[in-house]
Amino acid sequence: MDDPRFLVLAASLAILVLASVRNLKAFHNSNLTSTQLDAIPIVGSRGFLASFWDGYKFLANAPDMIQAGYTQYPNGIFRVARFSHWLVVVSHPKFVKEVGGAPEHILSFHEGVEDNLPVKQVIGRPIVENPYHQNTIRTSLTRNLHARFPEVRDEIACAFDEVLQLHDSEWKWLPALHTIMAVVARVSNRLFVGLPLCRNQTYLWNNVQFAIDVIQSGQKIALFPKIMRPLVATFISSKDKSFAVALQTLGPLVAERLAKEDELGPNWPGKPNDLISWLLEDAQGEERTVPALVLRVLSTNFAAIHTSSMAFTQALYDLTTNPEYLLPMREEAEHVIANEGWTKAALNSMVKIDSFLRESQRLNGNGSVAMIRKVVAKDGFRFSDGTVLPNGSFVCAAARAIHYDASNYKNATEFDGFRFARERAEHAATHDLTQDVFKRQMISTAGDFLPFGTGKHACPGRFFAATELKAMLAHVVINYELKAEVEGVRPQDNTFGITIAPNASARVAFRKTNAL
């Protein structure tokens, strides 16, 4: 996104097309629809040219613009301009809950995602039109985390050792995000496809590159009107190349699994307990083919590598900026492992590690907003205060502003790694073992904690992500010393539109603990 010529081209083309589209829409829209939108206050300017310029500014200043609206309307609803439409933003917890609780046929999660990340163009149309894999992840993958954890733990140890390649007593500077993506790809695929493919460098490299390309090409394609996106994608996206490599590396394994089922039935002896098998349990009709299943595994890799790598990299930056947290987490991890071993259940006892990751997510989430939905109900969507959003409009929650709100969190703008561990301990000390205790865990969602969303479309993979991230952080604090490039200075995040990502060029230094 750093090529100004591309942005000028995109903006010029968008202006020409959108000028016509908006005029047509204005002609066809009813007075009621116009009144419904006009009733919602604007952060920015009115009028076509002014609002279009605000949409352009939103690309660079989305966090500030959302924060301005949140400050001005802390308990209400406001809107900001995007290139092609208004984005309605809710800030009150009750409105967040109402958005999260709306069914897909009223507020569409999938069409909301598609508007900001053109999944059809950068991943594949079947992923949008038949997202059955989300149920597979929510059910089969989550149920099998306990049984598969020993292998996940083994891959974490092997991956860090082989990716970092540290020698005794040396400090080694490594690009944080790139390094963590390499580790996460291996760990995730130990669960997805198993040995030996999860260590095949061609297969792994392709998954990592695909995850990077989906975001980079998706951000560019999303700048264009939807009618132009399929054409633009042919020049920008490398989806087809990634899919071809996936077919070459993963395809034979999937073909072997299909052949085994045809010959021996769905419960054949020695059937691997992995993502391929779980997908086969849910896949129907044309989805039970090698290309279709390969695409599902590839898309699942994108989600796993992208989200977990960003979250863990942010946690690394928080830890190297606040090194006083390392020793307490190391002591906790070593104590728990000595008493319970390296098990998934043992991770539940690592409350400081859980709290540290949750706090990192609170302050350094992956966007200034969350839970983007498109109103697809013919009659629109009505909030409890009477505000109506017409069909075709977009709504979201002011996630970052909510996380930084002092009425939600004490000293909200400050990093407090053990904030949630203390709250859990306080409840335990008073024998208040209500659900409030569990709401402070990393996997818990709420109207004031939105890294995983909340409601009907809360992230289905968050249980795996939390298990993976906690096990990785426990391994790191036990086995390594860390330091930042500039002591006490956290690498600045990269922002583009609603997306916030960890600095991709910053480095972190690692050294083995036994070198001390």
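One numbering rule holds for all chains: residues counted from 1, following each sequence as written. Totals for whole chains, interfaces and linings use all residues, but because this is a predicted model, local features are given only for residues with pLDDT of at least 70 and pairs of side-chain atoms are given and counted only at 80 or more. By convention in this description, side-chain values take in all heavy atoms of the structure and omit both hydrogens and water.

(A) The pairing of strand β1 (residues 77-81), seen in detail. A simple rule labels every residue: compare its accessible area, found with a 1.4 Å probe on the protein chains alone, to the largest value its type can have, and call it buried under 20%, exposed over 50%, or partly exposed in between. Strands here are runs of E lasting at least two residues and helices are runs of H or I lasting at least four, both read from the DSSP assignment and numbered beginning at the N terminus. For β1, the buried fraction is high: five of the five residues fall into the buried class. Here β1 shows a buried face lined by Ile77, Arg79 and Ala81 and a second buried face lined by Phe78 and Val80. Only when DSSP finds a minimum of two bridges between them are two strands counted as paired. Pairing between β1 and strand β2 (residues 86-90): five bridges, direction antiparallel. Following the sheet pairing, Phe78 is matched in β2 by Val89. Hairpin remark: β1 followed by β2, antiparallel, with four residues in the connecting loop.

(B) Geometry of the pattern of salt bridges. In the sections that follow, a salt bridge refers to a side-chain nitrogen of Lys or Arg positioned within 4 Å of a carboxyl oxygen of Asp or Glu. Evaluation of the coordinates by the stated rule reveals 26 salt bridges. In this structure, the salt-bridge partner of Glu151 is Arg148, at a minimum N-O distance of 2.8 Å. Here Glu151 and its partner Arg148 are both found in helix α9 (residues 145-164), three residues apart, which amounts to about one turn of the helix. If you follow the salt bridges from partner to partner, you end up with Asp154, Glu155, Glu162, Arg186, Arg190 and Arg199 in one network.

(C) Region of the structure containing the packing of aromatic side chains. Note on aromatic contacts: the rings of Phe and Tyr and the six-membered ring of Trp form a pair at centre separations within 6.5 Å, being stacked when their planes are under 30 degrees apart, edge-to-face when over 60 apart, and tilted otherwise. Counted according to the given criterion, the structure contains 12 aromatic pairs. Judged by centre distance (6.2 Å) and plane angle (45 degrees), the ring pair of Phe160 and Tyr480 falls under tilted. Of the two residues, Phe160 sits in helix α9 while Tyr480 sits in strand β9 (residues 480-484), which places them 320 residues apart along the sequence. Residues Phe160 and Tyr480 agree in their burial class; the two are buried. Clustering of aromatic rings is evident, with ring pairs tying together Tyr325, Phe356, Phe415 and Phe418. The ring of Phe449 has Arg358 lying over it, and the distance from NZ or CZ to the ring centre is 3.7 Å. In this analysis the charged atom, NZ for Lys or CZ for Arg, is taken to sit over a ring once it is within 6 Å of the ring centre and within 35 degrees of the ring normal. When the ring centre of Tyr409 is taken as origin, the NZ or CZ atom of Arg362, which lies over that ring, is 4.7 Å away.

(D) Quick peek at the packing of helix α14 (residues 251-264) against helix α15 (residues 275-282). Axis angles are defined between N-to-C directions and span 0 to 180 degrees, where every axis is a line fitted to C-alpha atoms and, for a helix, only to the segment in contact. Across the interface, α14 lies against α15 with an axial gap of 11 Å and an inter-helix angle of 50 degrees. It follows from the interaxial angle that α14 and α15 lie oblique. As α14 packs across α15, the resulting crossing turns out to be right-handed. When α14 is examined against α15, the residues Leu253, Val254, Arg257, Leu258 and Glu261 are found in contact with a partner set consisting of Ile276, Ser277 and Leu280. Under the convention adopted here, Pro, Cys and the residues Ala, Val, Leu, Ile, Met, Phe, Trp and Tyr are nonpolar, Asp, Glu, Lys and Arg are charged, and Gly plus all remaining residues are polar. In the contact of α14 with α15, the residues fall into five nonpolar, one polar and two charged. Each angle gets one of four labels, with under 35 degrees taken as roughly parallel, over 145 as roughly antiparallel, 65 to 115 as roughly perpendicular, and the rest as oblique. By convention, the crossing between two helices is left-handed when the near helix turns anticlockwise from the far helix through less than a right angle, and right-handed when the turn is clockwise. What makes two residues a contact is simply this: any of their non-hydrogen atoms within 4.5 Å.

These figures come from the coordinates and say nothing about function on their own.
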